[in-house]
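Breakdown of the fold
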Amino acid sequence: MRLLATVLLAAATLAACTPAPATDPRVVSEWMHTLYGVVRAERLTPPVASRFLGYASVAFYEGMASVTPDLPTLVGVLNGLDALPDPEPGEPNDPTLVAVEAERTLLDSLLAEGLPTSRATIAGLVDSLQASRDVPAAVRERSLALGRRIGNAVVAWSRTDGFAETRTRPYVPPAGPGLWVNDAPGSIYATQNASGVTQRVQLDNPANALRAGGASDRDLILNRPKRGDLAELPAVDPAGATEPYWGTLRPFMLTAWNECPIPEPPPYSTDPQSALYHEAMEVVEAKRRLTPEQRTIALYWADNPGETATPAGHWVAIASQMVSQRKLSAPDAARLFVLSAVAQADAFIAAWGYKYQYNLLRPRTYIRELIDPTWEPLVPTPPFPEYPSGHSTQSGAASTVIRSFLGDGPFDDSTSL
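Before going into details, it helps to say that this report is about the structure given with it. None of the values given here were measured: they were computed from a predicted structure. (Residues numbered from 1 in each chain as written. Predicted model: local features only at pLDDT ≥ 70, side-chain atom pairs only at ≥ 80, totals over all residues. Heavy atoms only, no water.)

1. As for the packing of aromatic side chains
Both the distance between ring centres and the angle between the ring planes are used here to describe each pair of aromatic rings. Applying the stated criterion to the full structure yields 16 aromatic pairs. For the pair tryptophan 301 and tryptophan 315, a centre-to-centre distance of 5.8 Å together with 35° between the ring planes defines the contact as tilted. Of this pair, tryptophan 301 sits in the loop between α10 (292–300) and α11 (310–325) while tryptophan 315 sits in helix α11, and the two are 14 residues apart along the sequence. In this structure tryptophan 301 comes out as partly exposed when scored by relative accessible area, which is 30%. Geometrically, the ring pair formed by tryptophan 352 and phenylalanine 384 is tilted, given 4.6 Å between the ring centres and 55° between the ring planes. A residue pair is termed long-range when its members are at least 10 positions apart, and tryptophan 352 in helix α12 (residues 330–358) and phenylalanine 384 in the loop between α13 (363–370) and α14 (390–406) qualify at 32 residues. (Phe/Tyr/Trp six-rings, centres within 6.5 Å; stacked < 30°, edge-to-face > 60°. Helix = DSSP H or I, 4+ residues; strand = E, 2+ residues; numbered from the N terminus. Buried < 20%, exposed > 50% of the residue type's maximum accessible area, 1.4 Å probe, protein only.)

Shown next, in the form of structure tokens:
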């Protein structure tokens, strides 16, 4: 009996000191893929989607970094992130469980007002990933507790970025020649309703003709009624002004939203010899000469809110595919996730700061007033000012980070499949 007790004690000690199984890099890519679906289903605007993905990436990364020696923490690197809970010294933790629980805790907060299906999807993924970890019970409980502490700390940090203060600020666009007005018809921006009979319903009642069994998943997402007072997850509003105060949010890494200067837009002019008129004519001619290949490219990268996970989700999806295509380790996958998401979040803060500083009118408005009163763009005009391009700014940020991390080279993008 004494020998048996000694053997059992030795086995228990060995189990407690055995390192946890390495994190499978597919855990990281699966999270990124799942978050794409959540952003799409919740119909988030591009800036809100970038914020959502930014904080989600930090929670996951910091959970893994807290117990992974070769992953440096972002404490003191990201603005306002001054401290995070540390693991108990000398006690082993499972990096997968810590990261997953930190992510779940953060998303429980951000998705508190989200769709039940969004929350159920996250819960199902968490349960599956946690059940797959073969670690001692003590390590499991300790890891989950650490993950919850880190997740709650990231939640507290997210609530100091100024986002909440912008929810109730009214906005009246300035009026005048050359200034932006939202004149794009809602009917071309997104499907307003779908049933077995019709694809159209008035915007003031987006569910009055929906028939069970007669609508596609895409149409159900586009037409799902959503309360207008959702604090964390406001839906895209084609008739309004998208996030006019986004430039006031605390950036993740930029020292200020305008740290990276841009050229002034062309001055407003109706003169056919002016730079603005020439640029408008370039747009007119580009659409007139559009080839089938160019049309496919334009629609592929449109990433319209309400129908997709927006440009921010698209680039996170590309990064998730790089995990398997470039055979990244789990730590490298987590690093790529957080770097690409944070770069995009800051790109949106910067671009939106400039957009509402200049309030430049859209090509649709200018062209219809001065060149062709019937002209419509290929991609519907979104509800915010023209300059600078949000797609270009965040794509430049995301691609620069991914290239610096992985190098140049072709890749297959299956985001839209």
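2. Details of the environment of leucine 378
Inspection of the secondary structure puts leucine 378 in the loop between α13 and α14. Sequence spacing of leucine 378 and lysine 287 is 91 residues, and the spatial spacing of their C-alpha atoms is 7.2 Å. In this structure leucine 378 touches Lys287, Leu290, Arg295, Ala298 and Leu299, once residues within four positions along its chain are discounted. (Contact = heavy atoms within 4.5 Å.)

3. Topic: the packing of helix α3 (residues 46–65) against α11
In a pair of packed helices, the angle between the axes and the distance between the axes together describe the arrangement. Remark: α3 packs on α11, axes separated minimally by 6 Å, with the N-to-C direction vectors making an angle of 40°. The angle between α3 and α11 falls in the class oblique. Across from Pro46, Ala49, Ser50 and Leu53 in α3, the residues of α11 making contact are Thr310, Pro311, Ala312, Gly313 and Val316. Class assignment of the residues belonging to the contact of α3 with α11 gives a composition of six nonpolar, three polar and no charged. (Axes fitted to C-alpha atoms, helices over the stretch in contact; angles between N-to-C directions. Parallel < 35°, antiparallel > 145°, perpendicular 65-115°, else oblique. Nonpolar A, V, L, I, M, F, W, Y, C, P; charged D, E, K, R; others polar.)

4. Describing the side chain of serine 269
Turning to its location among the elements, serine 269 is positioned in the loop between α8 (217–223) and α9 (275–288). A polar contact is formed between the side chain of serine 269 and the backbone nitrogen of aspartate 271, at a distance of 3.1 Å. Serine 269 has contacts with Ser274, Leu276 and Tyr366, leaving out every residue within four places of it along the chain. (Polar contact = N/O pair within 3.5 Å; in protein donor to acceptor, adjacent residues only side chain to side chain.)

5. Some points on the layout of surface pockets
Taken as a whole, the largest pocket spans an internal volume of roughly 1200 Å³. The dominant element in the lining of the largest pocket, judged by the number of residues it contributes, is α9, at six residues. Taken together, the residues of the lining of the largest pocket break down into 28 nonpolar, six polar and seven charged. (1 Å grid on protein atoms, 1.4 Å probe; cavity = no way out; pocket = protein on both sides within 12 Å on 5 of 7 lines; lining within 4 Å. Points joined across faces, edges and corners; volume = space filled by probe spheres on them.)

6. Overview of the side chain of asparagine 359
As for its placement among the helices and strands, asparagine 359 is situated in the loop between α12 and α13. The class of asparagine 359 is buried, set by a relative accessible area of 5%. Engagement of the side chain of asparagine 359 in a polar contact is seen with the backbone oxygen of tyrosine 356, the distance being 2.8 Å. In this structure, asparagine 359 is in contact with Tyr171, Pro174, Gly178, Leu179, Trp180 and Pro385, ignoring residues within four places of it in sequence.

7. Comments concerning the nonpolar core
Formed by 76 residues in total, the largest nonpolar core has its most connected members in Trp31, Phe52, Phe60, Leu106 and Leu107. For this core, the secondary structure elements donating two or more residues are α2 (25–42), α3, α4 (95–110), α5 (116–131), α6 (137–158), α11, α12 and α14. The contacts of leucine 106, once residues within four sequence positions are left out, are Tyr55, Ala56, Ala59, Val154 and Val155. Counting residues in hydrophobic clusters, the runner-up holds twelve residues, among them Ala280, Tyr354, Leu360 and Leu361. (Core = buried A, V, L, I, M, F, W, Y, C linked by side-chain atoms within 4.5 Å.)

8. Topic: α3
With 20 residues, α3 extends 28 Å between its outermost C-alpha atoms, agreeing within 8% with the 28 Å of an ideal straight helix rising 1.5 Å per residue. Taking burial as the measure, the 20 residues of α3 include 20 buried ones, the bulk of the element. (Expected span 1.5 Å × (residues − 1).)

9. Some thoughts on unusual backbone geometry
Of note, the bond from tyrosine 387 into proline 388 is cis; its omega dihedral lies within 30 degrees of zero at 0°. Relative to the assigned elements, proline 388 resides in the loop between α13 and α14. Located in the positive-phi region is lysine 327, a residue other than glycine, with phi close to 55°. With respect to the element layout, lysine 327 can be found in the loop between α11 and α12.

10. Overview of empty space enclosed by the protein
To find leftover empty space, one rolls a probe the size of a water molecule over the atoms. Applying the stated criterion across every chain yields a total of two cavities of 30 Å³ or more. In this structure, the largest cavity spans a volume of roughly 40 Å³. As for the largest cavity, its lining consists of Val48, Arg51, Phe52, Leu110, Glu232 and Leu233. For the lining of the largest cavity, the leading source of residues is α3, giving three residues. In terms of residue class, the lining of the largest cavity is built from four nonpolar, no polar and two charged. One number sums up the size of the second largest cavity: a volume of about 30 Å³.

11. Section: the environment of leucine 125
Inspection of the secondary structure puts leucine 125 in helix α5. Judged by its relative accessible area of 12%, leucine 125 falls in the buried class. Separated by 94 residues in sequence, leucine 125 and tryptophan 31 have C-alpha atoms that sit 8.2 Å apart. If near-sequence neighbours (up to four positions away) are discounted, leucine 125 is found in contact with Glu30, Trp31 and Thr34.

12. What to know about the pattern of salt bridges
Per the stated rule, a full pass over the model turns up 16 salt bridges. With a closest N to O distance of 2.8 Å, arginine 51 and aspartate 161 form a salt bridge. Here aspartate 161 lies in the loop between α6 and α7 (186–189) and arginine 51 lies in helix α3, a separation of 110 residues in the sequence. For aspartate 161, a relative accessible area of 4% puts it in the buried group. Between glutamate 376 and arginine 364 there is a salt bridge whose closest N-O contact spans 2.7 Å. Of this pair, glutamate 376 sits in the loop between α13 and α14 while arginine 364 sits in helix α13, and the two are twelve residues apart along the sequence. A relative accessible area of 4% means that arginine 364 is categorised as buried. Here the salt bridges do not stand alone but share partners, grouping Asp183, Arg364, Arg368 and Glu376 into one network. (Salt bridge = Lys/Arg side-chain N within 4 Å of Asp/Glu carboxyl O.)

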